[in-house]
Amino acid sequence: MQLIQQNPDLSAYLAADDVIDHHHPLVRETAARLAEESVDSYAYARAAYEYVRDVIPHSADSGDPRVTWRASDVLEKGTGICHAKAHALTALLRAEDIPTGLCYQRLTHDAGTGWCVHGLVAVRFHGAWHRQDCRGNKPGVDARFSLEGERLAWVPDPREGEVDYPALFDAPHPAVLDVLRGAPDRPHLWENLPDSLAL
């Protein structure tokens, strides 16, 4: 699938804001620690991905009721749903000057209540964008960092109304961010995630 930059200015995919707060000391410290053990930017990107995928549990898998949405909070509290983990990974990658965008899928909801929007990231290497899914592996999910073909958690099934959105955002989509910011706990969040995105 051809990803489409919503912002033609590539520098926007390196920017910091209130959510992707890669100037925060904890983000910088985590990035520096991972970079110290990496021989190049590709190795760093893989290390950051595996750190967010494996060290920070997906809150639905772990049963953690807390809701995080700011990158530094995800790292500090060690929990988050796919969107929060994508924010953390985006911050870690941008902290080391790797252009990173946010992208989304529409998937059948785990709770059996229609669909929900799932969050991913895309990294830019060798002049192209490559999607990555850091939600965390579990039985039936085996996502991997890859620049040689996607290794995502799920492949949408159009027959089920599932969608790969081609848009690549430099900041979280407002529909997703509003729900994250307003949720008192993860069960509430789970029932109120957007079921589609207006692009």
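Worth saying up front: this structure is predicted, and the values here are computed from it rather than measured.

About the cut-offs
Residues numbered from 1 in each chain as written. Predicted model: local features only at pLDDT ≥ 70, side-chain atom pairs only at ≥ 80, totals over all residues. Heavy atoms only, no water. Buried < 20%, exposed > 50% of the residue type's maximum accessible area, 1.4 Å probe, protein only. Helix = DSSP H or I, 4+ residues; strand = E, 2+ residues; numbered from the N terminus. Pairing = 2+ DSSP bridges. Lys, Arg positive; Asp, Glu negative; His and termini not counted. Salt bridge = Lys/Arg side-chain N within 4 Å of Asp/Glu carboxyl O. Polar contact = N/O pair within 3.5 Å; in protein donor to acceptor, adjacent residues only side chain to side chain. Contact = heavy atoms within 4.5 Å. Core = buried A, V, L, I, M, F, W, Y, C linked by side-chain atoms within 4.5 Å. Axes fitted to C-alpha atoms, helices over the stretch in contact; angles between N-to-C directions. Parallel < 35°, antiparallel > 145°, perpendicular 65-115°, else oblique. Left-handed = near helix turned anticlockwise from the far one by under 90°. Nonpolar A, V, L, I, M, F, W, Y, C, P; charged D, E, K, R; others polar.

Engineer: An account of the pairing of strand β4 (residues 128–132) is needed here, citing residue identities and associated values.
Structural biologist: When you tally the buried positions in β4, you get four out of five residues, the bulk of the element. Relative to β4, strand β3 (residues 115–125) is paired through five bridges, and the arrangement is antiparallel. Paired with Phe125 across the bridge in β4 is Ala128. Linking β3 to β4, which pair antiparallel, is a turn of two residues; within it His126 sits at a positive phi near 55°.

Engineer: Break down the side chain of Glu162 for me, with residues and values.
Structural biologist: Relative to the helices and strands, Glu162 resides in the loop between β4 and β5 (163–164). Buried and unpaired, Glu162 has no salt bridge, with Arg159 as the nearest side chain of opposite charge at 8.5 Å. Polar contacts involving the side chain of Glu162 include one to the main-chain amide nitrogen of Asp157, which spans 2.7 Å. Setting aside residues no more than four positions away along its own chain, Glu162 makes contact with Arg106, Leu107, Thr108, Trp115, Val155, Pro156 and Asp157.

Engineer: Residues and numbers for the nonpolar core, please.
Structural biologist: Judged by nonpolar contacts, the single largest core of 52 residues is most densely connected at Tyr44, Leu89, Leu92, Leu93, Tyr104 and Leu189. The element best represented in this core is helix α5 (residues 82–95), accounting for eight residues. In this structure, Tyr104 is in contact with His83, Val117, His118, Gly119, Asp164, Tyr165, Phe169, Pro172, His173, Val176 and Leu197, ignoring residues within four places of it in sequence. Judged by nonpolar contacts, the second largest core, of nine residues, contains Ala12, Tyr13, Cys103 and Leu168.

Engineer: Report on the packing of helix α1 (residues 25–36) against α5, specifying residues and quantitative values.
Structural biologist: Two numbers describe how α1 lies on α5: the axes approach to 9 Å, and their chain directions differ by 65°. The orientation of α1 relative to α5 falls into the category roughly perpendicular. Our pair here, α1 against α5, has a crossing hand that is right-handed. Within the contact between the two elements, α1 uses Val27, Arg28, Thr30, Ala31 and Leu34 and α5 uses Ala91, Leu92 and Ala95. For the contact of α1 with α5, the class distribution of residues is six nonpolar, one polar and one charged.

Engineer: Quick one: what's the story with the side chain of Asp64, residue by residue and with numbers?
Structural biologist: Turning to its location among the elements, Asp64 is positioned in the loop between α3 (59–62) and α4 (71–77). Those residues within four positions of Asp64 in sequence are excluded, and the remaining contacts are Ser59, Thr79 and Arg186.

Engineer: Can you explain the environment of His58? Please cite residues and give values.
Structural biologist: With respect to the secondary-structure elements, His58 resides in the loop between α2 (41–55) and α3. Residue His58 is classed as buried on the basis of its relative accessible area, which comes to 3%. Between the alpha carbons of His58 and Leu26 there is a distance of 20 Å; along the sequence they are 32 residues apart. Setting aside residues no more than four positions away along its own chain, His58 makes contact with Gly80, Ile81, Cys82, Lys85, Arg135 and Trp190. For His58, the side chain forms a polar contact with the main-chain nitrogen of Cys82, separated by 3.3 Å.

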